[in-house]
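One letter stands for each residue in the lines below.
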Amino acid sequence: MSDAATTRSRHRWLGRLGPALGLAAVWALFAALVGPTFWGWENQRLMLLQTAIVGTAAVGATIVIISGGIDLSVGSAIALGTVVVALLLNAGMPEFAAAAGGVLAGALVGLVIGAFVTGRVVLPRLLGRIALSPFIVTLAMWGALRGLAKGLGDNRPVYVDGQPALLDLMRNTGTGLGAVAAPGVWIMVAVAVLAALGLRHTRFGRHVFAVGSNEQTARLCGVRIERTKLLIYAFASACAGLAAVLQFAYLGQGDPTTAEGYELKVIAAVVIGGASLTGGEGSVLGTLIGAFIMTVVDNGCTKLGLENWVQEIVTGGIILTAVFIDRLRHRAR
Amino acid sequence: MTGVRKAFAATVALDDVSFEVAPGEVHALVGENGAGKSTLMKVLSGALLPDAGAMELDGVAYAPADPLAGRAAGIAMIYQELSIAPHLPVAENVLLGAEPRRGLLLDRRELAARARAALCQVGRGQLPLDLPRGRLPIADQQLIEIARSVALGARIVVLDEPTSSLAQADVRRLFALIRQLRAGGTSIVYISHFLEEVREVADRYTVLRDGRTVATGATADASNAELVALMVGRAITDLYPRSARRPGEPVLVLDDLAGTRLPLAASLELRRGEVLGLAGLVGAGRTELLRAIFGLDAVRGGSIRVGAVVGPCPPAERWRQGVGMVSEDRKAEGLAAGLTVADNLTLARQAWFLSPAHLDAACAPWFAKLQVRCRSPRQRVGALSGGNQQKVAVARLLHAGVDVLLLDEPTRGIDVGSRAEIYRVIDELACAGKAVLLVSSYLPELLGTADRIAVMCRGRLGPAREVAELDERAILLAATGAVETTA
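A brief structural summary.

What counts and how
Residues numbered from 1 in each chain as written. Chains lettered and ligands numbered in written order. Predicted model: local features only at pLDDT ≥ 70, side-chain atom pairs only at ≥ 80, totals over all residues. Heavy atoms only, no water. Helix = DSSP H or I, 4+ residues; strand = E, 2+ residues; numbered from the N terminus. Rg over C-alpha atoms; globule rule 2.2 N^0.38 Å. Buried < 20%, exposed > 50% of the residue type's maximum accessible area, 1.4 Å probe, protein only. Contact = heavy atoms within 4.5 Å. Areas by Shrake-Rupley, 256 points an atom, 1.4 Å probe, with all protein chains shown as cover. Lys, Arg positive; Asp, Glu negative; His and termini not counted. Charge placed at Lys NZ, Arg CZ, Asp CG, Glu CD. Core = buried A, V, L, I, M, F, W, Y, C linked by side-chain atoms within 4.5 Å. Buried area = accessible area lost by both parts, 1.4 Å probe. Salt bridge = Lys/Arg side-chain N within 4 Å of Asp/Glu carboxyl O. Polar contact = N/O pair within 3.5 Å; in protein donor to acceptor, adjacent residues only side chain to side chain. Nonpolar A, V, L, I, M, F, W, Y, C, P; charged D, E, K, R; others polar. Axes fitted to C-alpha atoms, helices over the stretch in contact; angles between N-to-C directions. Parallel < 35°, antiparallel > 145°, perpendicular 65-115°, else oblique. Left-handed = near helix turned anticlockwise from the far one by under 90°. Phe/Tyr/Trp six-rings, centres within 6.5 Å; stacked < 30°, edge-to-face > 60°. Lys NZ or Arg CZ within 6 Å of the ring centre and 35° of its normal. Pairing = 2+ DSSP bridges. Patch = residues over 30% accessible without salt bridge, like charges linked within 9 Å, V, L, I, M, F, W, Y side chains within 5 Å.

1. Regarding the overall build of chain A
The secondary structure content of chain A amounts to 14 helices and two strands. Over its C-alpha atoms chain A spans a radius of gyration of 20 Å, differing by no more than 12% from the 20 Å that the globule rule assigns to 333 residues. Counting only C-alpha atoms and orienting by the principal axes, one finds that chain A spans roughly 70 × 65 × 35 Å. Evaluated residue by residue, chain A yields a buried proportion of 52% over its 333 residues. Contacts spanning at least 24 positions in sequence make up 77% of the contacts within chain A whose residues lie at least 6 apart. On chain A, roughly 15200 Å² of surface is accessible, and the fraction owed to carbon and sulfur atoms is 67%. Side chains of chain A give 25 positive and 17 negative charges; the mean places of these two sets differ by 14 Å.

Written out as C-alpha cells, the structure reads:
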C-alpha cells in the first residue's frame, strides 16, 4: 500500500511541478549555452516583458479550455483591440478610457462568441436554440474580427500622435515595482492571481471545471450551463482585450495585422501548462509557466543566433514533449 | 486457469485464482464489484498479462499476448458497455475486425452473406444490415455482439452483466440464445449480480472475493443466501430494511404529465415519508418521466407540482425547491469522472466562495453515513469502485438536503454491500419524512424497499398500489400490458 501511495504522490508532484521543472530545464540549458547575456537580469526583465501579452491572453484561454471549449479568435481579437484603443485615443478620449474601451471591446466579442456557443442568439427565434461548437464559432470570429480590425483601421496601421503614457505599460523604465518588471507584466500577474483564486475558491470556478469535465453531470447538478459559458467567453475575450492594450503599448500604434497566430501560441502555453484539451483540467500557474517556456526558447534561440525556423521546430517539440509527459502521468494514475 | 495472480502497483487484484470452464457449459462468475471478475476476464482475453499462473485451452498451454491473440484462440468478450461502432452499419459491426476482403477491397457480398448467417444463428436474421447500429435498441445491439462472436467461431463467450439494461422479454430471448449456444458446444462465462438469473441460466458457478476464488460448484446445490454470504463474506440478513412509517402530505403531484416523446400520461402523488416505486420494462418511459419532472427533458403537457410551485422548472430551480435526482447513467451523466469526489459530492450545493478544505470537510459526514471507501475527498471519483461511485451520487442529494429524491436505478451494476448501504439510507430518509421516487428494473428490490409501487407501460403510468397487494407476477403482468393498468 505504501508503495502505491508513494507512486501516487510522486505522480501528483510531477503533475504540479512538471511544467516548472520543464521551465527550469530549458532555462538552464540556454543559460549554459548562451552565458551571461541570457541569464543576466536585464534579459530576465526582457523575457518577462515578452511573455506579458501572450500570458495575459492565455489566462483567459485557460478557463475556456478547462471548460472544454477552445478560442481560436485570440489573435484577431488582440488586433481589433489595438485598433480600438488607437482610434479612441485619436478621438480625444482619456488614456484610461481608451484602454478600458479596448478591454470592453474584447468582452463584447466574448459575449458574441458565448451567445453562439450556447445557442442564445436572439434572431432566429423560430428555429429554436442551435448551439454551435466553440471551434466553429471562434474560427469564424478569427476571420471576422481580423476583417473588422482592418475595416476600422482602413487597412492601415492607426498611428497615434505624441507619446501616450499607455506606452509605459510595456517599458522597463519604472521605479519601485516597475524596476522589477514593467507594469504590463504586473497586469498579467494580477489577472492570473484573480483567475487562479476564482477557479479555486468560488462556486463559479468549480462550475467551470464541472462543465469541462462532464457537461451532463453539471446540468444534472443544477449548474446553469449557458450563463457559465457566457461568462467564461466574456472573461477570456476581456483578457484578450487587456492583452490588446499591452500590444498597443508595445507597438505604439493600432495595427490590424498584428498578433497573427497568437491564438495558437496561447493554446500552446495552456497545453504546455498541463491543461487537457478535452476539458476539466488545467491551471493558471501552469499556463503562465507554459507561456514563459516559449519566451525562453524564442529568446535563447535568438541569442544563440539560431534562425527563426529552428525556434519554431523547438517550440513544436516542446509542445509534443509536454503533452506526452502529461499523458504518461494520466496513464499511471 | 490456475494460480493466476495480477497486481497493479501494490494492489493485488487477483491472487492465486483458479477457474475452469467445461466445454458446452454455462459458468457463472459472481462476486462483489472489485472482487476481480473483470480483471480475471481481461487476463483470459489477453487484454492483461498475468504476473503468475498458467492457462490452458483444450489441454494446450494458452498465453495470449494481446486481445487479438485471445480472439484468434476463440475467446469472445462481450462487455457491459457494448463495444460496437455506433455509426457503422449492422453488417460491418458483426464482422468488425474480420471483414472479408478481395484483394485490398472489402468484399461486400461476402460480408452481407456472412453477417446474415451469423444474425440468423442468434435469431435476429431479419435485422436490416445497412442500418447504423446506434439506431437499434440496446438488446439488438447486444445480439449483434453475440452474432459477432458466432461469426468469429468463438469457443468461449464471456458475457459481462449482459442483462443490466435489458427488459424482461429480451432477457428471455438472451437466455434462450445462451442455451442454444451451449447446445452447440460453446462455453459461456456469465458474469452477473442477479442471482436469480445465475440460478436460471448457469450450470456451475465460481465465487470470487477480494481477488481469490472462494467457492465453486453446481448452481443447483447452492441457495441464494449461501451465494450472497460467499460473495460478501458475511450473511446479509436484512438486505431490504423497511421500517414502518406513516406517509404525510403530498410533496410531488403529477397530473397527466407528458414529455416530448415519453411519458405519454403520468399522474401520481408522492407523499412525505414514503418510498414510491416505479416499475416497468426498459423503454416504458420511467427514466423520461423522472427527467421531465427534474427539468432535464422538455414537458409537452400536463402539470407538475412540487410543494407550492406549479409548472416545469430547470434543474437548478428543482434543487432549490428541494428536489434532487440520481441519474441511471453513472458514467455519462451521474458523475464527472475526472473531478474529485468532493467536487462531485458538493456540486449541487456550494457557497459563492469556498475553499477546497471546506469541500473536504463537507464530505466527511456523508462518507461516514454511507460508508464511502476512498483514499481522500480529493481522489478522482472515476478511480472509485462502482458501488462507491454510486454512494457519492446519492450523497450529493443528502449534502444538498433535498426533501424529494428521484432515484433512477440507483443500484444498477453495483455490489451487494453497496446496495445494502443504499437501501438502508433510503429507508432512513423515508423515516425522516423525505419522499423517495424509486425507479428500478429489479423487482425484488422494488418489492423490498417501496411502500407503494406504480407500474409504467408504454409511456402510461398505472395507479400506485400498496406493496402488500403486489407480487412479481402482478407487476410483470402490468408492465407487459397483459392487464389493464389504468384504473
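2. Focus: the overall build of chain B
Across its full length, chain B holds 17 helices and 24 strands. A compact globule built from 487 residues would reach a C-alpha radius of gyration of about 23 Å, and chain B, at 24 Å, matches this within 12%. Over its C-alpha atoms, taken along the principal directions, chain B stretches across nearly 70 × 50 × 45 Å. Within chain B, the fraction of its 487 residues that count as buried is 55%.

3. Structural notes on the nonpolar core
For soluble globular proteins, the rule of thumb is that nonpolar side chains tend to be buried together. Judged by nonpolar contacts, the single largest core of 173 residues is most densely connected at B:Leu406, B:Leu437 and B:Ile453. A per-element tally of this core places helix 3 (residues 41–66) of chain A first, with 13 residues. With sequence-adjacent residues up to four places away left out, B:Ile453 is seen in contact with B:Leu276, B:Gly277, B:Ala279, B:Leu446, B:Leu447, B:Pro463, B:Ala464, B:Arg465, B:Val467, B:Leu470 and B:Ile475. B:Ile78, B:Leu119, B:Leu195 and B:Ala215 belong to the second-largest nonpolar core, a separate cluster that totals 51 residues.

4. A few points about the interface of chain B and chain A
At the interface, 35 residues of chain B touch 27 residues of chain A. A combined buried area of about 2600 Å² lies between chain B and chain A, and 54% of that area is made up of carbon and sulfur atoms. Between the two partners, chain B and chain A, sit three salt bridges. A salt bridge links A:Arg206 to B:Asp343, with the nearest nitrogen and oxygen atoms 2.6 Å apart. Counting across the interface, chain B meets chain A through 11 residue pairs in polar contact (both at pLDDT 80 or more). Looking at the side of chain B that touches chain A, the elements with two or more residues in it are helix 10 (315–320), helix 11 (330–334) and helix 12 (341–346) of chain B. With five residues, helix 10 of chain B is the single largest residue contributor to the side of chain B that touches chain A. Per-class residue counts for the side of chain B that touches chain A are 20 nonpolar, seven polar and eight charged.

5. Quick notes on the packing of helix 4 (residues 74–90) of chain A against helix 6 (residues 134–152) of chain A
All names here are of chain A. Taken N-terminus to C-terminus, the directions of helix 4 and helix 6 make an angle of 20°; their axes are 8 Å apart at the nearest point. With respect to helix 6, the axis of helix 4 lies roughly parallel. For the pair helix 4 and helix 6, the sense of crossing is left-handed. Between helix 4 and helix 6, the contacting residues are Gly75, Ser76, Ala77, Ala79, Leu80, Val83, Val84 and Leu87 on the first element and Met141, Trp142, Leu145, Arg146, Leu148, Ala149 and Leu152 on the second. Among the residues making up the contact of helix 4 with helix 6, the classes are represented as 12 nonpolar, two polar and one charged.

6. Here we look at the packing of aromatic side chains
This model, assessed by the stated rule, comprises five aromatic pairs over all chains. Note on A:Trp27 and A:Phe38: the rings are 5.7 Å apart at their centroids and 55° apart in plane angle, and the pair reads as tilted. Taken together, the residues A:Trp27 in helix 1 (residues 2–34) and A:Phe38 in helix 2 (residues 36–39) connect sequence positions 11 residues apart. A residue is classified by how much of its surface remains accessible, and A:Trp27, at 28% relative accessible area, is partly exposed. Considering the side-chain rings of A:Phe30 and A:Phe38, the 6.0 Å spacing of their centres and the 35° angle between planes classify their relative orientation as tilted. Sitting above the plane of the B:Trp352 ring, A:Arg203 keeps its charged end 4.4 Å from the centroid.

7. Describing the pairing of strand 16 (residues 274–280) of chain B
Residues and elements named next belong to chain B. Of all seven residues making up strand 16, seven are buried, and the element is well covered by its neighbours. Here strand 16 shows two buried faces, one formed by Glu274, Leu276, Leu278 and Gly280 and the other by Val275, Gly277 and Ala279. Summarising the sheet, strand 16 and strand 21 (residues 435–439) pair through five bridges and their orientation is parallel. Looking at the pairing, Leu276 lines up with Leu437 of strand 21. Here strand 16 pairs with strand 22 (residues 452–457) via five bridges, running parallel. Of the residues in strand 22, the one forming a bridge with Ala279 is Val455.

8. Focus: the sheet that holds strand 11 (residues 187–191) of chain B
Residue and element names in this part refer to chain B. With mixed pairing, six strands are arranged side by side in an open sheet as 7-10-11-3-12-13. Among the strands making up the open sheet, the edge pair consists of strand 7 (75–78) and strand 13 (212–218). Strand-to-strand, the axes of this sheet are offset by a mean angle of 15°, without reference to chain direction. Running at roughly 175° to strand 7, helix 5 (residues 138–151) makes contact with strand 7 and strand 10 (156–160) of the sheet. Together, strand 3 (26–30), strand 12 (204–209) and strand 13 form the strand contacts of helix 8 (residues 224–232), whose direction differs from that of strand 12 by roughly 30°.

9. A closer look at helix 9 (residues 203–213) of chain A
For helix 9 of chain A, a buried count of eight out of 11 residues is recorded, marking the element as mostly surrounded by other parts of the structure. Of all the positions in helix 9 of chain A, only A:Gly205, A:Arg206, A:His207, A:Val208, A:Phe209, A:Ala210, A:Val211 and A:Gly212 are classed as buried.

10. Considering the pattern of salt bridges
Oppositely charged side chains may form a pair once their charged atoms are brought near each other. Residues and elements named next belong to chain B. Applying the stated criterion to the full structure yields 36 salt bridges over all chains. The residue Arg286 makes a salt bridge to Glu409 at a minimum N-O spacing of 3.8 Å. A residue pair is termed long-range when its members are at least 10 positions apart, and Arg286 in helix 9 (residues 286–294) and Glu409 in the loop between strand 20 (404–408) and helix 15 (416–431) qualify at 123 residues. Comparing Arg286 with Glu409, the two get one shared label, buried. Put simply, Arg412 and Glu328 hold a salt bridge, and the shortest N to O gap is 3.6 Å. Linking Arg412 in the loop between strand 20 and helix 15 with Glu328 in the loop between strand 19 (323–326) and helix 11, this pair joins segments that are 84 residues apart in sequence. The exposure class assigned to Arg412 is partly exposed, which follows from its relative accessible area of 23%. On the accessibility criterion, Glu328 (28% relative accessible area) is partly exposed. Salt bridges sharing common partners tie together Glu249, Arg272, Asp403 and Lys434.

11. Digging into the sheet that holds strand 17 (residues 299–306) of chain B
Residue and element names in this part refer to chain B. Read across the open sheet, the four strands follow the order 15-14-17-18; overall the sheet is antiparallel. The sheet is open, and its two borders are formed by strand 15 (266–271) and strand 18 (309–310), each paired with just one other strand. Two strands pair when backbone bridges link them, and strand 17 and strand 18 are joined in this way by two bridges, in the antiparallel orientation. Bridging from a neighbouring strand, Arg305 pairs with Val310 of strand 18. Contacting strand 14 (250–259), strand 15 and strand 17, helix 9 crosses the sheet at an angle of about 115° to strand 14.

12. Section: unusual backbone geometry
Residues and elements named next belong to chain B. In this structure, Pro263 follows Leu262 across a cis peptide bond, with omega equal to -10°. In this structure, Asp16 is a non-glycine residue whose phi angle is positive, near 55°. One non-glycine residue with positive phi stands out, namely Asp256, at about 50°. Looking at the element boundaries, Asp256 is found in strand 14. Residue Asp256 is classed as partly exposed on the basis of its relative accessible area of 46%.

13. Regarding a nonpolar patch on the surface
Residues and elements named next belong to chain A. There is a patch of nonpolar side chains on the surface, built from Trp41, Leu177, Val180, Trp186, Val189, Val193 and Leu197 and spanning about 630 Å² of accessible area. Counting only elements with at least two residues in the nonpolar patch, the list comes to helix 7 (177–180) and helix 8 (183–201). The greatest single-element share of the nonpolar patch, amounting to four residues, is contributed by helix 8. On the secondary structure map, Val189 appears in helix 8.

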